[in-house]
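Structural characterization, general
These are the residues of each chain, in order.
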Amino acid sequence: MPLQHAVLALLTRRPNHGYELKARFEEAIGPQWGGLNIGHLYQILERLVRDGYVSRSQVTQTDRPDKNLYTLTEAGEAELRSWATTAWVRVGGFRDELFLKLLGASALGPQALTALIEAQRQTYLSELAGLARQRRAHAGEPLVAVLIDAAIAHTKADLGLLDSAAQHLGPLAAAHGAAAQGDTDEAGGHGGTSGSRTESA
């Protein structure tokens, strides 16, 4: 995740020290992203200084320890512009745990698949209700609103995926369930034969 570019974006307005950047990031992005770890942020800043995208200066404080002030360089602005004006391409594929759960549920048969899909549907509906509340609360913050709108759109798409999963995986789950029942019946049949032989002996 290119958080270093987000840091460069925040530094376009003015120089900042670490904790100011953390607060500004969390305010700009909003609750959907989550907090920014200050230790990770300082690692990013060190890398940006090393790469020449950010300069660091020390500010003396009379009543507190000196603090580092980070300033965007011309090279940093050029890097930000190059990154921010090119399209994002997904490179990691879709590695959602839900797909693994669908694999497991369909292997267990129709009842397990239905149970998963209905439980997941209720979870998504609850998420949508929470997102709608967040959207109203952050209506006056454009970037936060865009991120929440994205979360709403993704969650609605996920709801549609559940219908697709039920349609496409239903026959597979039914086949697995029938095969498992057949194995159980066959095992029971063998057990009965073995028992009758014992009694005859």
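Residues numbered from 1 in each chain as written. Predicted model: local features only at pLDDT ≥ 70, side-chain atom pairs only at ≥ 80, totals over all residues. Heavy atoms only, no water.

Some remarks on the overall build of the chain
Quick note on the threshold: Here a strand is any run of E in DSSP of at least two residues, a helix any run of H or I of at least four, and the numbering for each starts at the N terminus. Any residue under 20% of the maximum accessible area for its type is buried, any over 50% is exposed, and the rest in between are partly exposed; the area is computed with a 1.4 Å probe on protein chains only. Only heavy atoms enter the contact rule, under which two residues are in contact if any of them lie within 4.5 Å. In these tables, accessible area is a Shrake-Rupley quantity obtained with a 1.4 Å probe, and a residue counts as shielded only by the protein chains included in the view.
When you go through the chain residue by residue, the secondary structure sums to 7 helices and 2 strands. When the helices and strands of the chain are read in sequence order from the N terminus, they spell out α-α-α-β-β-α-α-α-α. Taking all 201 residues of the chain together, 24% fall into the buried category. Across the chain, contacts joining residues at least 24 apart in sequence account for 57% of those joining residues at least 6 apart. Put simply, the chain shows about 13,100 Å² of open surface, and 56% of that area lies on carbon and sulfur atoms.

Structural notes on the packing of aromatic side chains
Quick reminder of the rule: Note on aromatic pairs: the rings of Phe, Tyr and Trp (six-membered ring only in Trp) are paired at centre separations within 6.5 Å, and the planes decide the class, stacked below 30 degrees, edge-to-face beyond 60, tilted for the rest.
Per the stated rule, a full pass over the model turns up 1 aromatic pair. When the ring of Tyr-19 is compared with that of Tyr-42, the centres are 6.4 Å apart and the planes differ by 70°; the resulting orientation is edge-to-face. Of the two residues, Tyr-19 sits in helix H2 (residues 18-29) while Tyr-42 sits in helix H3 (residues 38-50), which places them 23 residues apart along the sequence. Relative accessible area serves as the criterion here: at 32%, Tyr-42 is assigned to the partly exposed category.

Concerning the confidence of the model for the chain
The line we're drawing: pLDDT: the predictor's confidence for each residue, scored from 0 to 100.
Of the residues in the chain, 88% have a pLDDT of 70 or more, and the chain-wide mean is 85. For the chain, per-element mean pLDDT is lowest for helix H7 (residues 142-200), which scores 76, and highest for H3, which scores 94. Scored below 50 in pLDDT, residues 192-201 makes 0 contacts in the model with residues more than four places away or belonging to other chains.

Considering the packing of helix H1 (residues 3-10) against H3
Spelled out, the test is: Axes here mean lines fitted to C-alpha atoms, for a helix over just the part in contact, with angles spanning 0 to 180 degrees between N-to-C directions. Throughout, the term roughly parallel applies to angles under 35 degrees, roughly antiparallel to angles over 145, roughly perpendicular to angles from 65 to 115, and oblique to all others. Three residue categories are used. Nonpolar comprises Ala, Val, Leu, Ile, Met, Phe, Trp, Tyr, Cys and Pro, charged comprises Asp, Glu, Lys and Arg, and polar comprises the others, including Gly.
Between H1 and H3, whose axes approach to 10 Å, the crossing angle comes to 80°. Taken as axis vectors, H1 and H3 run roughly perpendicular relative to one another. Residues Leu-3, Gln-4, Val-7 and Leu-8 of H1 form the contact with H3, whose own contacting residues are His-40, Leu-41, Ile-44, Leu-45, Arg-47 and Leu-48. When the residues that make up the contact of H1 with H3 are grouped by side-chain class, the tally is 7 nonpolar, 2 polar and 1 charged.

Regarding the environment of Leu-41
Inspection of the secondary structure assignment puts Leu-41 in helix H3. Separated by 34 residues in the primary sequence, Leu-41 and Val-7 have C-alpha atoms spaced 8.5 Å apart. With sequence-adjacent residues up to four places away left out, Leu-41 is seen in contact with Val-7, Gly-18, Leu-21, Lys-22 and Leu-36.

Here we look at helix H6 (residues 110-137)
Our working rule: To estimate how far a helix should extend, the number of its residues minus one is multiplied by 1.5 Å.
For H6, with 28 residues, the first-to-last C-alpha span of 41 Å sits near the 40 Å given by 1.5 Å per residue. Residues Leu-113, Leu-116, Ile-117, Gln-120, Arg-121, Tyr-124, Leu-128, Gly-130 and Leu-131 constitute the buried set of H6.

A word on the environment of Tyr-19
We classify Tyr-19 as exposed; its relative accessible area is 51%. Spatially, the C-alpha atoms of Tyr-19 and Leu-41 are 9.0 Å apart, while their sequence positions differ by 22 residues. Here Tyr-19 is in contact with Ile-38 and Tyr-42, once residues within four sequence places are set aside.

Remarks on the pattern of salt bridges
The criterion, for reference: The term salt bridge refers to a pairing of a side-chain nitrogen on Lys or Arg with a carboxyl oxygen on Asp or Glu at a separation within 4 Å.
Inspection of the entire model under this criterion finds 7 salt bridges. Glu-118 is paired through a salt bridge with Arg-121; the nearest N and O atoms lie 3.6 Å apart. Taken together, the residues Glu-118 and Arg-121, both in helix H6 and 3 residues apart, mark about one turn of the helix. By relative accessible area, which is 19% here, Arg-121 ends up buried.

Regarding helix H5 (residues 97-108)
Note the threshold: Two N or O atoms count as a polar contact when they lie within 3.5 Å, although within protein this holds only if one can serve as hydrogen donor and the other as acceptor, and sequence-adjacent residues are included solely when both atoms are side-chain atoms.
For H5, spanning 12 residues, the distance from its first C-alpha to its last is 17 Å, which sits close to the expected 16 Å at 1.5 Å a residue. N-capping of H5 is provided by Asp-96, with a side-chain oxygen placed 2.9 Å from the backbone N of Leu-98.

Structural notes on the packing of H5 against H6
Between H5 and H6, the shortest axis-to-axis distance is 7 Å and the interhelical angle comes to 150°. If you check the angle between H5 and H6, you find them roughly antiparallel. Touching Leu-98, Lys-101, Leu-102, Ala-105, Ser-106 and Leu-108 of H5 are Ala-112, Leu-113, Leu-116, Ile-117, Gln-120 and Tyr-124, all from H6. Considering only residue class, the contact of H5 with H6 consists of 9 nonpolar, 2 polar and 1 charged.

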